[in-house]
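# Secondary and tertiary structure notes
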Amino acid sequence: MTQLAILRHGHTDWNRAGRIQGRTDIALDPEARAQLAALRLPAPWGDADLVASPLARAVETAHLVADRAPETTQALMEMDWGQWEGKRGVDLKADPASGFRDIEDWGWGYTPPGGESPADLRARLIPWAEGLQRDTVAVCHIGVMRVLLAHAMGWDFSGPAPFQVKRNRLYILHITPDGWRAANEQIRLEERP
């Protein structure tokens with residue numbers, strides 16, 4: 001069995017403004033940097049392999065909480081939101097012509113204009129995760145985490161999600177040749193002494 005611990009990157013100015021980031025490379029904001037610098041990966045995760053999305057917000061989060069540079073992989077790149085990147089979800093939702101939907105109404109095939117569906121994201125994530133040889137911490141994005149958790153829990157992006165993605169927590173996935181399972185509890189990052 002391989003364990004994969006997934007961690008969402010820290011806040012950016014776009015997160016706080018409710019703007020859809022997708023693949024736009026937005027850095028952490030100063031408040032997030034200060035918060036993350038006071039935290040670290042708990043044992044035994046500090047000794048696990050460390051990998052991140054190549055986007056700056058994920059790379060910097062990984063470096064801050066692990067005190068080392070992560071390897072990066074395109075597999076962990078955030079979902080492509082196409083023409084909606086940079087826009088606010090509340091504005092898109094208020095415009096019936098936009099086609100924007102809440103996550104409970106997506107299904108695996110929901111695709112933003114010019115973007116990528118959860119099924120597309122799953123197609124690049126699953127081979128990567130199943131190829132891991134050691135326990136690994138992956139610092140990534142909410143879209144990536146939703147797809148990995150949905151895959152492990154059998155959720156099909158229809159109806160309420162069986163999980164909430166919070167910051168500064170590790171979500172543990174157990175990956176075996178017989179299938180995936182998500183741990184029941186998340187592990188909080190530790191405060192530095």
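Please read these numbers as outputs of a predicted model, since none were measured by experiment.

Omega for the peptide link from A43 to P44 comes to 0°, which places this bond in the cis form. Residue placement: P44 occurs in the loop between β2 (39–40) and β3 (49–52). Its identity is not glycine, yet D67 carries a phi of approximately 60°, on the positive side. Here D67 lies in the loop between α3 (56–66) and β4 (71–72). Phi at N168 is positive, roughly 60°, even though this residue is not glycine. Assessed through its relative accessible area of 17%, N168 is described here as buried.

Moving on, we get to the nonpolar core. Membership of the largest hydrophobic core comes to 39 residues, with the highest contact counts inside it found for L4, I6, W128, L148 and L173. Of all the secondary-structure elements, those providing two or more residues to this core are β1 (2–8), α5 (118–130), β5 (136–140), α6 (142–153), β6 (169–176) and β7 (179–182). Residue contributions to this core peak at eight residues, all from α6. Once residues within four sequence positions are removed from consideration, L173 is found in contact with T2, Q3, L4, I6, L148, L149, A152, W180, R181 and A182. By size, the runner-up hydrophobic cluster in this structure holds 20 residues, among which are A48, V65, A66 and L189.

We now examine the packing of helix α2 (residues 30–37) against α3. Axis separation between α2 and α3 bottoms out at 8 Å; the angle between their running directions is 30°. With respect to α3, the axis of α2 lies roughly parallel. Contact residues: α2 offers R33, L36 and A37, while α3 offers E60, T61, L64 and V65. Among the residues forming the contact of α2 with α3, the class breakdown is four nonpolar, one polar and two charged.

How each quantity is defined
- Residues numbered from 1 in each chain as written.
- Predicted model: local features only at pLDDT ≥ 70, side-chain atom pairs only at ≥ 80, totals over all residues.
- Heavy atoms only, no water.
- Helix = DSSP H or I, 4+ residues; strand = E, 2+ residues; numbered from the N terminus.
- Buried < 20%, exposed > 50% of the residue type's maximum accessible area, 1.4 Å probe, protein only.
- Core = buried A, V, L, I, M, F, W, Y, C linked by side-chain atoms within 4.5 Å.
- Contact = heavy atoms within 4.5 Å.
- Axes fitted to C-alpha atoms, helices over the stretch in contact; angles between N-to-C directions.
- Parallel < 35°, antiparallel > 145°, perpendicular 65-115°, else oblique.
- Nonpolar A, V, L, I, M, F, W, Y, C, P; charged D, E, K, R; others polar.

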